[in-house]
Amino acid sequence: VTVSVLYWSPATRKLAPRLLPLRRSTAVAPLFHGTLLCIPQLRLCSTTTAVASGKRNRNMAEKKGNKKAAPVDLKALQTPEFWASRMDIFDKLYAKQQETYAARKQPIKVTLPDGKVMDAESWVTTPFDIAKRISNSLPDKCIVARINENTLWDMTRPIEGDCTLELLDWDYPEAREVFWHSSAHVLGYAMERVFQCTLSYGPPLQDGGFFYEGRTTRPVSEADYVAVETAMGELVKQKAPFQRLEIQKEDALEMFGYNDFKQITLGKKVPEGGICTVYRCGTLIDPCRGPHIADTGKVKAYCVHKNSSAYFQGNSENEVLQRVYAIAFPKVDLLKEWKAVQEAASKRDHRNLGRQQDLFYFHDVSPGSAFFFPAGARIYNALMDFQKKNYRKRGFDEVMSPNMYNAKLWEVSGHWALYKDAMFTTVCEHEQFGLKPMNCPGHCVLYAARQHSYRELPIRYADFGTLHRNELSGALSGLTRVRRFQQDDAHIFCRMDQLKQEMDGALDFLKYVYGVLGFNFYLKLSTRPENALGNKETWDVAEKCLAESLNGFCNIPVGQADPLSKEEGALFTFDGTVADIKKLKRLSDKLKKEGADAVGGWSGLTHEAWELNPGDGAFYGPKIDIVVEDALRRRHQCATIQLDFQLPERFGLKFTLPRAKDEDGAAAADEQPAKVEEKKEAPKEEPKEKHEDPASGTTSKSASPTTHDHKHGAPPPPAPAKKELHFAIDRHLEPNQERPVMIHRAIFGSLERCIAILCEHYGGRWPFWLSPRQAIVVPVSHKFNDYANEVKNEIFGEGFWCDVDLGGSTLDKKIREAQLAQYNFILVVGEDEMVKKSVNVRTRDNERRGVKTLDEIVAWFQQLARTYSREF
């Protein structure tokens, strides 16, 4: 039992019985003083939870007109001792750097996106200077520059040579990340100012905003937010420029000699004799790669909204630091919009709605694994049934695969080396096993269990098998991050010539599903990463195929005459960059204003244009990432469509061609299709290709997926010393065989995460077909209880979730309670309804729908369920 200690005044002791169930003692502790009282039933919440509770209390107090916290007098705060020495070192080194730059200046050419070339001086002219020459107002809009198509560059950093230059504003995701990164430095200044903080780490966050963490003289609390915001405002008002300095490692270690965290980071990340960069804004100086905004004055609006504790470098053996989260924007209106979304989101939090509607529950006996109550299980099963019907219509075959596999399987797939720490493992009969975190290796085993002809492809396997991932306890969050879950997982094995057809089908599938659920969605093409396996040519073909499918899905007029170009015969191109998306918007505007003839007969976009996400593909193939937008316009990653060329190679997957190929790859004379053979016992003769034995612990070069020669065999490996699993992989390809392409596809993603998103998207008002409480029968008095039960049984027997309220409350109260419980329909029955075998229908919005017979109500419910209507 965790004991929480509260201090109570005599006047508030009587509140104790009301506070016993709260379980959030730290949120209420500051309200009381005086008598000591121990309450074993209460549990101390985490710092983050306490802050969230405190934030809600503050918001409620402000709404009631209570006074806000008094302004902080920053002049009364002590200046950190390390500021002076740190700035002295920076100023000396920065002056030398500027002298060096001045001596290097040379004439250069800067090419803009429209092809215009501007004269400049190397080591003198900055992107800010170029922007000002284009337009006096342009520098204020720009956040960061991009040099030579792939290098982000500070607006105030001198250009070093001939280059292409692109100026990025808030519309670019890279620019937003830079803006939040720069804002984190402003937050770092405030933490040094207010807490005498020894800073550790302060990055931008993927979903927006940023944090900074460090060692403080005392714990940070919600009461400190105003002081931190005031200190941030002090630096913002200074419009302090971000100054970039390149220094030697030994100079950096001297500059940050007071900070053990920076010493450790610099020691690990900067090689001996190497160079690193530091940035200064005002009195804050921090080691950082950059780039950054021009000055702190661009941060027009900001808000500290959360704090927590965290281990240094995420290692539980290291020191515990204080972490402060904030958000910032270049416009005040954007912050107001963000706050409105956060307030609405707190009311729709799926964890609260799940508790209110008895959907799911978590317990420490199985952290990160949800217990679903009957109502929650109804939603879960409704989603699976919906998808199973779609699978049947779209040619998917549902399969079932084991929950646990021998480690040898994961070694073949590559997951054991890359993913072992995120798996739950065990030992059985001296062999290591792992609970599956994904279905793909098992589906490869299923495919390899039979021989396949080209005529059989595509083969589409679907699997709702239970998956487990060993997520860190600190990362668990309701249903959005769990350890046990199920996916609407599917894998498609197809030929290369079928790839575009399958991609088109996958995009159409998710469009239908998200249309039923009421989601807007956005598409991103994630391309070849640095650690990609396989040859570049195969990647290029795959990426081109995905881009063509996306262009067709969105109806982007690639290859048609470009109405926006002044060059005769120019064709419209699109590569998913922000610049091309803006170009496409200009084309759409031209269509609206001037009609289809002005744009070559183009009919317009059928879906918002896809975005390029360079270098973010999986190591085994490019992918399409799908982000859904909920009712609060928040975006969530759910679906994915991924190409995979590596697992078919690793597992030796193959299919027979209609005719064999000669040594040069040309078609042979025999065009008879290969016969599909029945599964039979392994042949006794020696295989023509080396079999990989994971139990041996070695992997030959010839068996490597990236270096294997398909045409030449290799001697078999030595026999294992002891009896172990011999997972034989025949990677040899006959002249009449090829590898299939594997497509990983999920639309819901995990059902748990999907339910969390849907819960907040609908605000707990589930559409009829998905609702766990579709109808409730309410008799006007106890005299009609038997008829109410008869109606309930009739509707329930037709497959709908129908309850009956036979309690002693008044009719109005019963109806109101049913509406609050989010029953889609309240069916009132009395004398007339009993005589006519009918019901009087009301909705949860108290809309009266009149009297319907039992046959009519059942038929109506069936129609709503069959059409997946979101009307009720």
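Here's what I pulled together on the structure shown here. (Residues numbered from 1 in each chain as written. Predicted model: local features only at pLDDT ≥ 70, side-chain atom pairs only at ≥ 80, totals over all residues. Heavy atoms only, no water.)

### What to know about the sheet that holds strand β14 (residues 320-329)
Here is step 1: Strands sit in the order β8-β9-β14-β13 across an open sheet of four strands; the sheet is antiparallel. If you trace the sheet from one side to the other, it starts and ends with β8 (198-201) and β13 (301-311), each paired once. Strand-to-strand twist across the sheet, computed as the mean angle between neighbouring axes with direction ignored, equals 30°.
Here is step 2: Where β8 lies against strand β9 (residues 210-215), three bridges are found, and the strand directions are antiparallel. Residue pairing in the sheet places T198 in a bridge with R215 of β9. (Pairing = 2+ DSSP bridges. Helix = DSSP H or I, 4+ residues; strand = E, 2+ residues; numbered from the N terminus. Axes fitted to C-alpha atoms, helices over the stretch in contact; angles between N-to-C directions.)

### Details of the sheet that holds strand β17 (residues 397-398)
Here is step 1: Reading across from one edge, β17-β21-β24-β31-β28-β27-β25-β26 is the order of the eight strands in this open sheet, with mixed pairing throughout. One side of each edge strand has no neighbouring strand; the edge strands of this open sheet are β17 and β26 (611-613).
Here is step 2: The pairing of strand β24 (residues 489-494) with strand β31 (residues 741-746) spans five bridges and is antiparallel. Following the sheet pairing, A490 is matched in β31 by R745.

### So, the nonpolar core
Here is step 1: By size, the foremost hydrophobic cluster in this structure holds 74 residues, and its most contacted members are L383, Y514, L517 and L523.
Here is step 2: Per-element accounting of this core gives the leading share, 10 residues, to helix α17 (residues 499-517).
Here is step 3: Leave out the neighbours within four places in its chain, and L517 touches L383, F748, L758, H761, Y762, W769 and R870.
Here is step 4: In this structure, A184, L266, V299 and A301 belong to the second largest nonpolar core, which totals 66 residues. (Core = buried A, V, L, I, M, F, W, Y, C linked by side-chain atoms within 4.5 Å. Buried < 20%, exposed > 50% of the residue type's maximum accessible area, 1.4 Å probe, protein only. Contact = heavy atoms within 4.5 Å.)

### Considering the packing of helix α7 (residues 173-195) against helix α8 (residues 225-238)
Here is step 1: Contact geometry of α7 with α8 gives a least axis separation of 8 Å together with a crossing angle of 120°. Here α8 runs oblique to α7, going by the angle between their axes. Seen from above, α7 lies across α8 with right-handed handedness. Only A227, V228, A231, M232, E234, L235, V236 and Q238 of α8 make contact with α7, whose side of the interface consists of S183, V186, L187, Y189, A190, R193, V194 and F195.
Here is step 2: Counted by class, the contact of α7 with α8 contains 12 nonpolar, two polar and two charged residues. (Parallel < 35°, antiparallel > 145°, perpendicular 65-115°, else oblique. Left-handed = near helix turned anticlockwise from the far one by under 90°. Nonpolar A, V, L, I, M, F, W, Y, C, P; charged D, E, K, R; others polar.)

### Details of the pattern of salt bridges
Here is step 1: Taken as a whole and assessed by the stated rule, the structure comprises 41 salt bridges.
Here is step 2: Across the pair K582 and D169 runs a salt bridge whose closest N-O atoms are separated by 3.1 Å. One end of the pair, K582, is in helix α19 (residues 578-594); the other, D169, is in the loop between β7 (163-168) and α7, and 413 residues separate them in sequence.
Here is step 3: On the accessibility criterion, K582 (29% relative accessible area) is partly exposed.
Here is step 4: The partner of R351 in a salt bridge is D349, and the shortest N-O contact between them spans 2.8 Å.
Here is step 5: On the basis of relative accessible area, R351 is assigned to the partly exposed category, the value being 40%. (Salt bridge = Lys/Arg side-chain N within 4 Å of Asp/Glu carboxyl O.)

### Focus: the environment of L334
Here is step 1: The topology assignment puts L334 in helix α11 (residues 332-347).
Here is step 2: Take L334: its relative accessible area is 24%, and that puts it in the partly exposed class.
Here is step 3: L334 sits 33 residues away from A301 along the chain, and the two C-alpha atoms are 8.2 Å apart.

### Points about unusual backbone geometry
Here is step 1: P291 follows G290 through a cis peptide bond whose omega is -5°.
Here is step 2: Looking at where P291 falls in the secondary structure, it is placed in the loop between β12 (284-287) and β13.
Here is step 3: In this structure, the amide linkage connecting L457 to the following residue, P458, adopts the cis form with an omega of 5°.
Here is step 4: Mapped onto the elements of the fold, P458 is located in the loop between α16 (440-448) and β21 (459-463).
Here is step 5: With phi around 55°, Q196 is a residue other than glycine that occupies positive phi space.
Here is step 6: Considering the arrangement of structural elements, one finds Q196 in the loop between α7 and β8.
Here is step 7: For Q196, a relative accessible area of 26% gives the class partly exposed.
Here is step 8: Even without a glycine there, the phi angle at Y868 is positive, about 50°.
Here is step 9: Mapped onto the fold, Y868 is located in the segment after α25 (854-866).

### Re the packing of helix α13 (residues 374-393) against α17
Working note: a packed helix pair is described by the angle between its axes plus the distance between those axes.
Here is step 1: Contact geometry of α13 with α17 gives a least axis separation of 12 Å together with a crossing angle of 145°. As α13 packs across α17, the resulting crossing turns out to be right-handed. Residue-level contacts link L383, F386, Q387, N390 and Y391 of α13 to F509, Y512, V513, V516 and L517 of α17.
Here is step 2: By residue class, the composition of the contact of α13 with α17 is eight nonpolar, two polar and no charged.

### Overview of a negative patch on the surface
Here is step 1: A contiguous patch of negative charge on the surface is contributed by E794, E798, D855 and E856.
Here is step 2: Structurally, E798 can be placed in the loop between α22 (785-797) and β33 (802-804).
Here is step 3: Residue E798 is classed as partly exposed on the basis of its relative accessible area of 37%. (Patch = residues over 30% accessible without salt bridge, like charges linked within 9 Å, V, L, I, M, F, W, Y side chains within 5 Å. Areas by Shrake-Rupley, 256 points an atom, 1.4 Å probe, with all protein chains shown as cover. Lys, Arg positive; Asp, Glu negative; His and termini not counted. Charge placed at Lys NZ, Arg CZ, Asp CG, Glu CD.)

### What about a nonpolar patch on the surface?
Here is step 1: Residues Y361, V365, F371 and F373 make up a contiguous nonpolar surface patch of about 390 Å² in total accessible area.
Here is step 2: Turning to its location among the elements, F373 is positioned in the loop between β16 (371-372) and α13.

### Quick notes on helix α4 (residues 82-104)
Here is step 1: Counted at 1.5 Å a residue, the expected span for α4 with its 23 residues is 33 Å, and the 34 Å between its end C-alpha atoms agrees.
Here is step 2: Restricting attention to buried positions, one finds in α4 the residues F82, W83, R86, M87, I89, F90, L93, Y94, Q97 and Y101.
Here is step 3: In this structure, the buried residues of α4 make contact with α7, β10 (243-248), α9 (249-255), β11 (275-281) and β12. (Expected span 1.5 Å × (residues − 1).)

### Points about the environment of M384
Here is step 1: By secondary structure assignment, the location of M384 is in helix α13.
Here is step 2: M384 sits in the buried class, given a relative accessible area of 11%.
Here is step 3: Placed 102 residues apart in sequence, M384 and Q486 show a C-alpha to C-alpha distance of 9.9 Å.
Here is step 4: Discounting residues that sit within four places of it in the chain, M384 has contacts with F464, Q486 and L751.

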